[in-house]
Amino acid sequence: MAAIEAEKLRRTYRQTSGFVRRRTKTIEAVRGIDFEVNEGELFGLLGPNGAGKTTTIKMLVTLLIPTSGAARVLGHDVVHSARTVRRNIGYVFGGDRGAYERLSGLDNLRYFSELYGVPPKVQKRRIPELLELVGLMGREKERVEGYSRGMKQRLHIARGLLHDPPVVVLDEPTIGLDPVGARELRNTIAELAQAGKTVLLTTHYMYEADALCDRIAVIAEGEIVAEGTPTALKSVVADRTVVEIEAYGLPAGALERVRASPGVTSVSVEEREHVQLLLVQAPKGLELTQQLLGCLGDVRVGRVAAREPTLEDAYVSLVTGS
Amino acid sequence: MTSLRIFFVGGLTSYRALFNWLTPWILIPSFLIAPLFQILLFAYIGRTTHLESDRFYVIGNALQYAAVPCLFAMGNTIGGERFQHTLPLVLTTPAGRLPLFIGRSVPVIANGFVVSGFALVTGSALLGVHVPISAVAPLVLVAAVTAFSCTGLGLCNAALGLRVRETAVTSNILFGFLLVFCGVNVPLSSLPAWMSTIAEGLPLTHGIAAARQLAGGAGLGKVAGLVGAELLIGCIYVVGGYALLRLMEIESRRRGTLEIA
């Protein structure tokens, strides 16, 4: 039996604007997606901002009722058996908020233990174990308002595991963390999977998904555009090469010229402090460097390199449909 | 057992979680000093206009001031969760909603009771209002019942917090509504008929009437009907507030407004 199932899962939102003449707009956040997560699997849901990841998660954790379709957790329907689903699922989201700032970390965990119906005897054993797991032992009596972002995030993880749920849903848990904090959290997530938990992870950090996930679904504009192992997804762009060009101040129209250049299959730009990193995908074996530099005109160019495609390149290709 | 723990332990912890920012610098002026201003204002207006006795104003305003914690604190049990982004986490727990939400009202009732009691004692001392010793214990009971019924209305206010962004607005409106309609400073008999009819269905009205009679020397038996009516109205608001909370929770899941109302 699959631990998580989504069948033609769809969710729309109605947005109204205007005061006198009210206008209603329907937004399709999730457009009938299907996927399954097997028991003990670490499954990644990848997509850009606004792709429908969080809406999907909210339906699975019973915070939103699907507009149509169905979702089940361990065979329990998220609408009709919401309470059973809640007993079996641990929900953790990223960011600073989501804890009682004026309470200690320990009191936060005690309170949620009560809400999850964890008996006091079990709490006494379980809470120290979790504090140890997330590295907060010794700081548990301090108020959460004094915690760093990473500590708060680790507290969220501990809270999500209080009732020892078989399914853990992590919605962008490493967002905003420094590299060391993010790495520590990824180690904790990997430990959860090793402990036999089913983990559904949403992220838009490709290396995170690549390092952690057994399988990945890529979601874009509310639809799943690809699903498979990280290796299988990378094979989408296996016949390509990626040219990286550092440009200092791309002139207007340069990007369009690169995009229209013969042989170019996909172009994306990463804005860095003083430089734009141009990532151009093209069929393997095709020498494009001179042609691309010609498209950029007089712009000052830094490092130019060609490399093998990564999962991130596959992701860009999938979400841009190129 | 789990429900009992959620009711008592959970209720108290959530009160600490949501109101730990209330330092003595905020608590004492808001809950202990401000009601005295209201009592003194109306008592001196009463003295100037020779309308009602000091006792009338002390009892009315002291009991009505319980509405501040009962309305604002109950509203904040949802509004505060929304502000801290903990509401989705609370609502994704399997905790029964009855002990979860009603449990949050117990510390609020105690808070309202303390505010009323302090205002009653201090207001009486400041204005030289005499209350018979025999009336003290029944007055304690009436103050507790009134705080309970006010908290029932506060629970309805909390439910609105699942739909509107800011419950302080509704708390302020309800506070003013109770001040005008419940015979706090104007006897019900002097209010337009439609207002006194509405007052019959509001918390405070019967509690204030019972307290005034007790302070005037009546026995508890004589005001049992009024106390019973106050209690019944409180129960109706608690049931209504809980039903409204459940409805709003389902509605917010349907409309996707849990975090963005």
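Rules behind the numbers
- Counting from 1, residues in each chain are numbered in the order their sequence is written.
- All chains are assigned letters beginning at A, and all ligands numbers beginning at 1, according to the order in which they are written.
- Per-residue local features of the predicted model are confined to residues with pLDDT of at least 70, and side-chain atom pairs are confined, for both listing and counting, to 80 or more; whole-chain, interface and lining totals are unaffected and use all residues.
- A run of H or I in DSSP becomes a helix once it reaches four residues, and a run of E becomes a strand once it reaches two; helices and strands are each numbered from the N terminus.
- To sort residues by exposure, count the other C-beta atoms lying within 10 Å of each residue's C-beta; 20 or more gives buried, 12 or fewer gives exposed, and values between give partly exposed, all with C-beta atoms placed from the backbone.
- We compute the radius of gyration from the C-alpha atoms alone; for a globule the expected value is 2.2 Å times N to the 0.38, where N is the number of residues.
- Note on contacts: residues are paired as contacts if their backbone-placed C-beta atoms lie within 7 Å.
- What marks off one domain from the next here is an automatic or database domain assignment.
- Under the grouping applied here, Gly and all other residues not named as nonpolar or charged are polar, the nonpolar ones being Ala, Val, Leu, Ile, Met, Phe, Trp, Tyr, Cys and Pro and the charged ones Asp, Glu, Lys and Arg.
- When DSSP finds two or more bridges between a pair of strands, those strands are recorded as paired.
- An expected span of 1.5 Å times one less than the residue number is assigned to each helix.
- Take the seven residues that end at a residue and the seven that start at it, fit an axis to each, and the angle between those axes is the bend at that residue.
- Axes here refer to lines fitted to C-alpha atoms; in helices the fit is confined to the stretch in contact. Angles between the N-to-C directions go from 0 to 180 degrees.
- Geometric relationships in this document are graded by angle, where less than 35 degrees denotes roughly parallel, more than 145 denotes roughly antiparallel, 65 to 115 denotes roughly perpendicular, and other angles denote oblique.
- Crossings are classed by handedness, with left-handed meaning an anticlockwise turn of the near helix from the far one by less than a right angle and right-handed meaning a clockwise turn.

### What about the overall build of chain A?
Within chain A, the secondary structure is distributed over 11 helices and 14 strands. Principal-axis analysis of the C-alpha atoms gives chain A an extent of 70 × 50 × 45 Å. Counting across all 322 residues of chain A, residues that qualify as buried make up 43%.

### Some details on the overall build of chain B
When helices and strands are tallied, chain B shows 12 helices and 0 strands. A compact globule built from 261 residues would reach a C-alpha radius of gyration of about 18 Å, and chain B, at 19 Å, matches this within 12%. Its C-alpha atoms give chain B principal-axis dimensions of roughly 55 × 40 × 35 Å. Taking all 261 residues of chain B together, 50% fall into the buried category. Of the contacts formed within chain B by residues at least 6 apart in sequence, a portion of 82% connects residues at least 24 apart.

### A look at the domain arrangement of chain A
Residue and element names in this part refer to chain A. Partitioning chain A into domains gives domain 1 (2-226) and domain 2 (235-320). Taking the mean C-alpha position of each, domain 1 and domain 2 sit 35 Å from one another. Those elements that place two or more of their residues in the side of domain 1 that touches domain 2 are helix H7 (206-212), strand S9 (215-220) and strand S10 (223-228). In terms of residue count, the dominant contributor to the side of domain 1 that touches domain 2 is H7 (3 residues).

### Things to note about the interface of chain A and chain B
If you look at the interface, chain A gives 25 residues, while chain B gives 26 residues. Secondary structure elements with two or more residues in the side of chain A that touches chain B: helix H2 (82-88) and helix H3 (105-115) of chain A. Per element, the largest residue contribution to the side of chain A that touches chain B is 6 residues, and it comes from H3 of chain A. A class-by-class count of the residues in the side of chain A that touches chain B yields 13 nonpolar, 3 polar and 9 charged.

### Concerning the pairing of strand S12 (residues 266-271) of chain A
Residue and element names in this part refer to chain A. Bridge count between S12 and strand S13 (residues 276-283): 6 bridges; the pairing is antiparallel. Each bridged residue has a counterpart across the sheet, and for serine 266 the counterpart in S13 is glutamine 281. The antiparallel pairing of S12 with S13 creates a hairpin that spans 4 residues between the two strands.

### Considering helix H1 (residues 2-19) of chain B
The terminal C-alpha atoms of H1 of chain B lie 24 Å apart, and with 18 residues this matches the ideal 26 Å at 1.5 Å per residue to within 8%. At glycine 10 of chain B, H1 of chain B shows its strongest bend, of approximately 35°. Here H1 of chain B has its buried residues at Arg5, Ile6, Phe7, Gly10, Gly11, Thr13, Ser14, Tyr15, Ala17 and Leu18 of chain B. Buried residues along H1 of chain B sit against H3 of chain A together with helix H4 (67-84), helix H6 (97-103) and helix H7 (105-127) of chain B.

### Focus: the packing of helix H2 (residues 24-49) of chain B against H7 of chain B
Two quantities define a packed helix pair, namely the angle between the helix axes and the distance between the axes. All names here are of chain B. Contact geometry for H2 and H7: axes closest at 9 Å, N-to-C directions at 45°. Taken as axis vectors, H2 and H7 run oblique relative to one another. Considering how the two elements wind past one another, H2 and H7 form a crossing that is right-handed. Residue-level inspection shows Phe31, Leu32, Pro35, Leu36, Ile39 and Ala43 of H2 in contact with H7, the latter providing Val115, Phe118, Ala119, Thr122, Gly123, Leu126 and Leu127. Of the residues assigned to the contact of H2 with H7, the class counts are 11 nonpolar, 2 polar and no charged.

### Some words on the environment of threonine 205 of chain B
All names here are of chain B. As for its placement among the helices and strands, threonine 205 is situated in helix H11 (residues 205-215). As for threonine 205 and alanine 215, which are separated by 10 residues in sequence, their C-alpha atoms are 16 Å apart. Setting aside residues no more than four positions away along its own chain, threonine 205 makes contact with Cys182, Gly183, Ala199 and Glu200.

### Remarks on the sheet that holds S13 of chain A
Residues and elements named next belong to chain A. Spatially, 4 strands are ordered S12-S13-S11-S14 in an open sheet, and the strand pairing comes out antiparallel. What marks the edges here is a single partner per strand, and that holds for S12 and strand S14 (300-307). Between one strand axis and the next, the sheet turns through 20° on average, direction left out of account. Lying on the sheet, helix H10 (residues 289-296) is in contact with strand S11 (240-248), S13 and S14; it crosses S11 at an angle near 35°. On top of the sheet, helix H11 (residues 311-320) reaches S11, S12 and S13; it is set at about 115° to S12, its chief contact.

### Looking at the pairing of S13 of chain A
By the bridge criterion, 8 bridges tie S11 of chain A to S13 of chain A in an arrangement that is antiparallel. Along S13 of chain A, the bridge assignment pairs glutamate 246 of chain A with leucine 277 of chain A.

### Quick word on the sheet that holds strand S4 (residues 68-73) of chain A
Residue and element names in this part refer to chain A. Within the open sheet, the 4 strands sit side by side as S2-S1-S4-S5. Their pairing is antiparallel. Strands with a single pairing partner mark the edges of an open sheet, and in this sheet they are strand S2 (23-38) and strand S5 (76-77). Sitting on the sheet, helix H1 (residues 53-60) is in contact with strand S1 (2-17), S2 and S4, with an inclination near 115° to S1.

### Observations concerning H4 of chain B
Residue and element names in this part refer to chain B. In a regular helix each residue adds 1.5 Å, so 18 residues correspond to 26 Å; H4 covers 24 Å between its end C-alpha atoms and thus fits that length. Threonine 77 marks the point of greatest bend in H4, at about 40°. Counted residue by residue, H4 has 16 buried out of 18 residues, so it is predominantly covered. Just downstream of H4 lies histidine 85, where phi reads positive at about 60°.

### Observations regarding the packing of H11 of chain B against helix H12 (residues 224-255) of chain B
Residues and elements named next belong to chain B. Where H11 contacts H12, the two axes come as close as 8 Å, and the packing angle between them is 155°. It follows that H11 is roughly antiparallel to H12 by the angle criterion. The element H11 and its partner H12 pack so that their crossing is left-handed. In this structure, H11 uses His206, Gly207, Ala209 and Ala210 to contact H12, whose residues at the interface are Leu226, Val227, Ala229, Glu230 and Ile233. Looking at the contact of H11 with H12 residue by residue, the class counts come to 6 nonpolar, 2 polar and 1 charged.

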